[in-house]
Amino acid sequence: MSSHSNSTSLATVDVLPVPTVTRTQAFIDGAFVDAQSGRTFPTYAPSTGHLLAMVADGGVEDVDLAALAARRAFDAGSWSHADVRRAAMTRLADLVEENAQELAALDAIDAGKPITDCETGDIPEVAHLFRWYAEAIDKVFGKVSPTSEGHLGIITREPVGVVGIVVPWNYPAVMLTFKAAPALAAGNCVVAKPAEQAPLSALRLAELATEAGFPPGVFNVVPGDGPTAGRAVGMHPLIDAVAFTGSTQVGREFLRYAAESNMKNVVLELGGKSPQIVLADMKADLQVIAEDLAGAAFGNAGQNCTAGSRVLVANVLREELTDRLAQAASKIRLGDPMDRSTEMGPLIERTALERVSRYVDEAVALGARVRVGGSAVLEDTGGHFYPPTVVDQVTPDMAIAREEIFGPVVAVLGFDTEEEALQLANDSEYGLAATVWSHDVDVSFRMARGIRAGTVAINGYSEGDITTPFGGHRTSGFGGRDSGIEAMEQYTELKTTWFTLR
Ligand code: NAD
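Residues numbered from 1 in each chain as written. Predicted model: local features only at pLDDT ≥ 70, side-chain atom pairs only at ≥ 80, totals over all residues. Heavy atoms only, no water.

Let us look at the overall build of the chain. Along its length, the chain carries 15 helices and 22 strands. Computed over C-alpha atoms, the radius of gyration of the chain comes to 23 Å, within 12% of the 23 Å expected from 2.2 N^0.38 for 502 residues, which places it in the range of a compact globule. Evaluated residue by residue, the chain yields a buried proportion of 57% over its 502 residues. When contacts within the chain are restricted to residue pairs at least 6 apart in sequence, those whose partners lie at least 24 apart make up 75%. (Helix = DSSP H or I, 4+ residues; strand = E, 2+ residues; numbered from the N terminus. Rg over C-alpha atoms; globule rule 2.2 N^0.38 Å. Buried < 20%, exposed > 50% of the residue type's maximum accessible area, 1.4 Å probe, protein only. Contact = heavy atoms within 4.5 Å.)

So, about the side chain of Asp62. Locating Asp62 in the fold gives a position in helix 1 (residues 60-76). Look at Asp62: it is buried, it has no salt bridge, and the nearest opposite charge is Arg39 at 7.2 Å. Engagement of the side chain of Asp62 in a polar contact is seen with the backbone nitrogen of Gly59, the distance being 2.8 Å. (Lys, Arg positive; Asp, Glu negative; His and termini not counted. Salt bridge = Lys/Arg side-chain N within 4 Å of Asp/Glu carboxyl O. Polar contact = N/O pair within 3.5 Å; in protein donor to acceptor, adjacent residues only side chain to side chain.)

A few words on the packing of aromatic side chains. Applying the stated criterion across every chain yields a total of 7 aromatic pairs. On the basis of an interplanar angle of 35° and a centroid distance of 4.8 Å, the ring pair of Trp79 and Phe214 is categorised as tilted. Taken as a pair, Trp79 in the loop between helix 1 and helix 2 (82-98) and Phe214 in the loop between helix 6 (200-211) and strand 9 (219-221) lie far apart in primary sequence, 135 residues in all. Pair check on accessibility: Trp79 and Phe214 agree, each one buried. Geometrically, the ring pair formed by Trp132 and Tyr133 is edge-to-face, given 4.9 Å between the ring centres and 80° between the ring planes. (Phe/Tyr/Trp six-rings, centres within 6.5 Å; stacked < 30°, edge-to-face > 60°.)

What follows covers the environment of Val60. If you trace the backbone, Val60 turns up in helix 1. Sequence separation between Val60 and Arg252 is 192 residues; the distance between their C-alpha atoms is 20 Å.

Across a sheet, paired strands are connected by hydrogen bonds in the backbone, their directions being either parallel or antiparallel. Pairing in this open sheet of 7 strands is mixed, and the strands run 14-15-16-13-12-18-19 from one edge to the other. With partners counted over all chains shown, the strands left at the sheet margins are strand 14 (369-372) and strand 19 (455-458), one partner each. For this sheet the average axis-to-axis angle between neighbouring strands, irrespective of direction, equals 25°. Relative to strand 13 (residues 310-314), strand 12 (residues 275-278) is paired through 4 bridges, and the arrangement is parallel. (Pairing = 2+ DSSP bridges. Axes fitted to C-alpha atoms, helices over the stretch in contact; angles between N-to-C directions.)

A word on the nonpolar core. In terms of nonpolar packing, the biggest core is built from 95 residues, with Met89, Tyr133, Leu176, Leu184, Phe214 and Phe219 touching the most fellow members. Ranked by the residues each element gives to this core, the list is headed by helix 4 (residues 115-136), at 11 residues. Not counting the four nearest positions on each side in its chain, Leu184 is found in contact with Trp79, Arg85, Met89, Phe130, Val190, Phe214, Val218 and Phe219. Counting residues in hydrophobic clusters, the runner-up holds 63 residues, among them Ala290, Ala401, Val409 and Ala434. (Core = buried A, V, L, I, M, F, W, Y, C linked by side-chain atoms within 4.5 Å.)

What follows is about the sheet that holds strand 5 (residues 143-145). One open sheet holds the 3 strands; their spatial order is 5-6-22, and the pairing between them is antiparallel. Looking at the sheet topology across the chains shown, the edges are occupied by strand 5 and strand 22 (492-500). For this sheet, the mean angle separating the axes of adjacent strands, direction not counted, is 25°. Across 3 bridges, the pairing between strand 5 and strand 6 (residues 151-159) is antiparallel. Looking at strand 6, one finds that Ser145 is bridged to Gly153.

A few words now on the pairing of strand 7 (residues 162-166). When you tally the buried positions in strand 7, you get 5 out of 5 residues, the bulk of the element. Neither face of strand 7 is open: one carries Val162, Gly164 and Val166, the other Val163 and Ile165, and all of them are buried. The parallel pair strand 7 and strand 8 (residues 189-193) is bridged by helix 5 (residues 172-185), and the resulting crossover is right-handed. Where strand 7 meets strand 10 (residues 241-245), 4 bridges bridge the pair, whose relative direction is parallel. Pairing of Val163 across the sheet is with Ala241, part of strand 10. (Right-handed = clockwise from strand over helix to strand, strands pointing away.)

A separate point is the layout of surface pockets. There is about 1000 Å³ of room inside the largest pocket. Lining the largest pocket we find 41 residues, and of these Trp169, Phe244, Gly246, Ser247 and Val250 sit closest to its centre. For the lining of the largest pocket, the secondary structure elements donating two or more residues are helix 7 (226-235), strand 10, helix 8 (248-260) and helix 11 (350-365). No other element matches helix 8, which puts 7 residues into the lining of the largest pocket. (1 Å grid on protein atoms, 1.4 Å probe; cavity = no way out; pocket = protein on both sides within 12 Å on 5 of 7 lines; lining within 4 Å. Points joined across faces, edges and corners; volume = space filled by probe spheres on them.)

Looking now at unusual backbone geometry. Phi is positive for Met263, which is not a glycine, with a value near 55°. In this model, Gln393 sits at a positive phi of 55°, which is unusual for a non-glycine residue. By secondary structure assignment, the location of Gln393 is in the loop between strand 15 (389-392) and helix 12 (399-402).

On to the side chain of Thr248. Position of Thr248 relative to the elements: it lies in helix 8. Of the polar contacts made by the side chain of Thr248, one reaches the backbone oxygen of Thr475; its length is 2.8 Å. Setting aside residues up to four positions removed in sequence, Thr248 forms contacts with Leu270, Gly271, Tyr430 and Thr475.

What follows covers the confidence of the model for the chain. Averaged over every residue, the pLDDT of the chain is 96; the share at 70 or more is 97%. This stretch, residues 2-11, has a pLDDT under 50; its non-local contacts, to residues over four places away or in other chains, come to 30 contacts. (pLDDT = per-residue confidence, 0-100.)

Packing of helix 4 against helix 5 leaves a shortest axis separation of 9 Å and a crossing angle of 5°. In this view, helix 4 runs roughly parallel relative to helix 5, as classed from their interaxial angle. On helix 5, the residues touching Asp122, Ile123, Glu125, Val126, Leu129, Phe130 and Tyr133 of helix 4 are Ala173, Val174, Thr177, Phe178, Ala181, Pro182, Leu184 and Ala185. Class assignment of the residues belonging to the contact of helix 4 with helix 5 gives a composition of 12 nonpolar, 1 polar and 2 charged. (Parallel < 35°, antiparallel > 145°, perpendicular 65-115°, else oblique. Nonpolar A, V, L, I, M, F, W, Y, C, P; charged D, E, K, R; others polar.)

Entries for the chain in the domain assignment read domain 1 (25-270 + 477-495) and domain 2 (275-464). One C-alpha centre belongs to domain 1, the other to domain 2; they are set 31 Å apart. Of the residues lining the interface, 23 residues belong to domain 1; the matching set on domain 2 comes to 25 residues. Here domain 1 and domain 2 share an interface that buries about 1900 Å² over both sides, 54% of which is from carbon and sulfur atoms. Its largest share of buried area at the contact with domain 2, domain 1 owes to Pro46, Ser47 and Trp169, together 26% of the area lost on that side. The tally of links from domain 1 across to domain 2 stands at 1 salt bridge. Note that Glu119 is salt-bridged to Arg340, the shortest N-O span being 2.5 Å. For the interface between domain 1 and domain 2, the tally reads 9 residue pairs in polar contact (both at pLDDT 80 or more). Those elements that provide at least two residues to the side of domain 1 that touches domain 2 are helix 3 (100-111), helix 4 and helix 8. With 6 residues, helix 3 is the largest single contributor of residues to the side of domain 1 that touches domain 2. In terms of residue class, the side of domain 1 that touches domain 2 is built from 10 nonpolar, 9 polar and 4 charged. (Domains from an automatic or database assignment. Buried area = accessible area lost by both parts, 1.4 Å probe.)

What follows is the structure in structure tokens.
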């Protein structure tokens, strides 16, 4: 999920210095500590390939210490007071704003995201999430059931206890906060494992949480790799629920971990192959649509779960729309993430560049045509840059039309009828998001109802906002939602208390 847009005024400097990395240890029980093994792992700048920092390489024993600390904090009860939580989370939102420049720079350099996106989107979103859920704390409460006379049934929501959080690198601070803010607001303590490619902002956030008044053990961060530290979170018997965002393949692993350990609740936000459908009545709006499609497909270099990576367009509009989309793509400025004029940064790592190139090359070999982009650029930087790429003459069976590429590549397919558009849209194992463009309310409503996806946007790409639940159908995930009050509820257990009145 990407961050929702937000705007703040920008300072005047254009290229910012690479930030000093101050926090590289794990954050457990309110303090920075080395990994028990003493091991560290490197995190690199994707824009240059340069080493940024060596980070504590958390393992099973570190996750164990964090889970024990979280359980102790939960049992001690101070976090169960709504007033304590509200005050600390509100203060954390303030501290995120006060330290926004540093947090934005950490995510920009560690994940290769344009600094302007981090300054105006990601970090304001993190502050907003902590503040919104702090304010929601006393707005989620139970019910009294309509029992017969002589009984009283009270339905309450209780925190599950310790919530494990495992997240990807594409929006490092936002992904963590989408899980942590509602879980903490609901009264849980957390053990978070950030992605090994971009762990830095999570460590700084945990430190700010402590400064904001979070008791020790409430918010723990254990960096480390997926198969070791991530698995340890999934398997830990003291972790009562796990919130995972990442690939569908690793999502399946978390279901196995739960089955093999304590049957913890599992919330999965997974991959996508989201269609952007343009109906035949949109001829007058093709320029606006092309620009919106480019934003949907190429934002965050296409490294976005809801990336609009399949454009399905009425055949009567196909040629013109594809031209305009290619033009919009060619105007996007690639470059140094720390430069405020950069609109697209590099891909996260070399293997990602190879994967994206492979999808495009294979499609071309099968008869598809590259309209713009199509091979790596800025190679002299040492970074992993791939330009916005538009591919047409794609058929529905090609991998480029079916699989999540997680890069700046959009496949264009044509259709003749509304029925065919719907069939193409649903011809996917994923069901995360979709956009429908039509001025005909009947058509767009029929499409919205027929598309199997968690979010369907009409006349403009969107993931909704903080008030609307976000998540997928089918292999895009299940078990809960990010955003909305629904996100808070998923970190609670329902309890019925039944009185017999004598
Ligand atoms: P990934 O699944 O490889 O990694 C995500 C996290 O899981 C990382 O912290 C990683 O260390 C950990 N992990 C990896 N292997 C593991 C294992 N065997 N056991 C336990 N943990 C493990 O995903 P990624 O490449 O970092 O991110 C890209 C994926 O994330 C894409 O599929 C994208 O669609 C998805 N995503 C989904 C959403 C959403 O809200 N639906 C949002 C952002 C990204």
